[in-house]
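Each chain is listed here by its residues.
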Amino acid sequence: MPFLIILLSAGPYALISGTPHATDPRTLHHSFLLVAVAQLVGACGEEIGWRCFLQPLLRTRFGPLPVSVAVGTVWGLWHVQVLGRSPAYAAGFLLATVAMSVVLGLALDGTGGMARLLLAGAFHALVNLGMLLFMDEETGRTAPMVLFGVASALVAAAWVRRRTAVTIPPTVEGDPGA
């Protein structure tokens, strides 16, 4: 899913901006390994709060979808500095956190312990790394963040649709219930 979100946001951004954005990991201020480890540690630190504490706590009272939306909203607002940017940038960021929270909340519902933390942390870190390497988001430009939010929402909508699809069993000829 993280790769799909990055592909769905970086592809249109390359078309809009007229050039693909791909940062060579060797040009980062620190080694890519250090950046990747720092992203994973930071993401796991956040996910302890979001997916390992708040989500299960709220899940005892509410369904997985409303809880995921609530946790995603809190997650987005936690990054209060984003709200100081343009309204469109903030809206894109909040859309992305809510959408990713829906994907994670539904995918990890019923999963606990270390597996929940590592899966959520890896997803979060991969998205962060994808944004760093394939989007122009670090500059504070609005378009990459809005596209990222829309891409995240598309993936979440597909995930919700897949999870809530009702399968109708095939009818058998001669079945009185058919």
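Residues numbered from 1 in each chain as written. Predicted model: local features only at pLDDT ≥ 70, side-chain atom pairs only at ≥ 80, totals over all residues. Heavy atoms only, no water.

Q: Could you clarify how one ought to interpret helix 4 (residues 87–108) in this entry?
A: Since there are 3.6 residues in each turn of an α-helix, residues three or four apart along the chain are aligned in direction. For helix 4, spanning 22 residues, the distance from its first C-alpha to its last is 31 Å, which sits close to the expected 32 Å at 1.5 Å a residue. Judged by how many residues are buried, helix 4 sits mostly within the fold: 16 of 22 residues are covered. Positioned one or two residues after helix 4, Gly 110 has a phi angle of 90°, which is positive. (Helix = DSSP H or I, 4+ residues; strand = E, 2+ residues; numbered from the N terminus. Expected span 1.5 Å × (residues − 1). Buried < 20%, exposed > 50% of the residue type's maximum accessible area, 1.4 Å probe, protein only.)

Q: Sorry, what's going on with the pattern of salt bridges here?
A: Two side chains bearing opposite charge may form a pair once their charged atoms approach each other closely. Enumeration over the complete set of coordinates arrives at two salt bridges. Residues Arg 51 and Glu 47 are paired through a salt bridge, measuring 2.7 Å at the closest nitrogen-oxygen approach. In this pair, Arg 51 and Glu 47 both sit in helix 2 (residues 32–59), four residues apart, roughly one turn of the helix. The buried category is assigned to Arg 51, whose relative accessible area is 0%. Between Arg 59 and Asp 109 there is a salt bridge, with its nearest N and O atoms 2.9 Å apart. On the criterion of sequence distance, the pair formed by Arg 59 in helix 2 and Asp 109 in the loop between helix 4 and helix 5 (113–134) is long-range, its members being 50 residues apart. Note on Arg 59: relative accessible area 32%, which makes it partly exposed. With a relative accessible area of 27%, Asp 109 lands in the partly exposed category. (Salt bridge = Lys/Arg side-chain N within 4 Å of Asp/Glu carboxyl O.)

The analysis is restricted to geometry; functional conclusions fall outside its scope.
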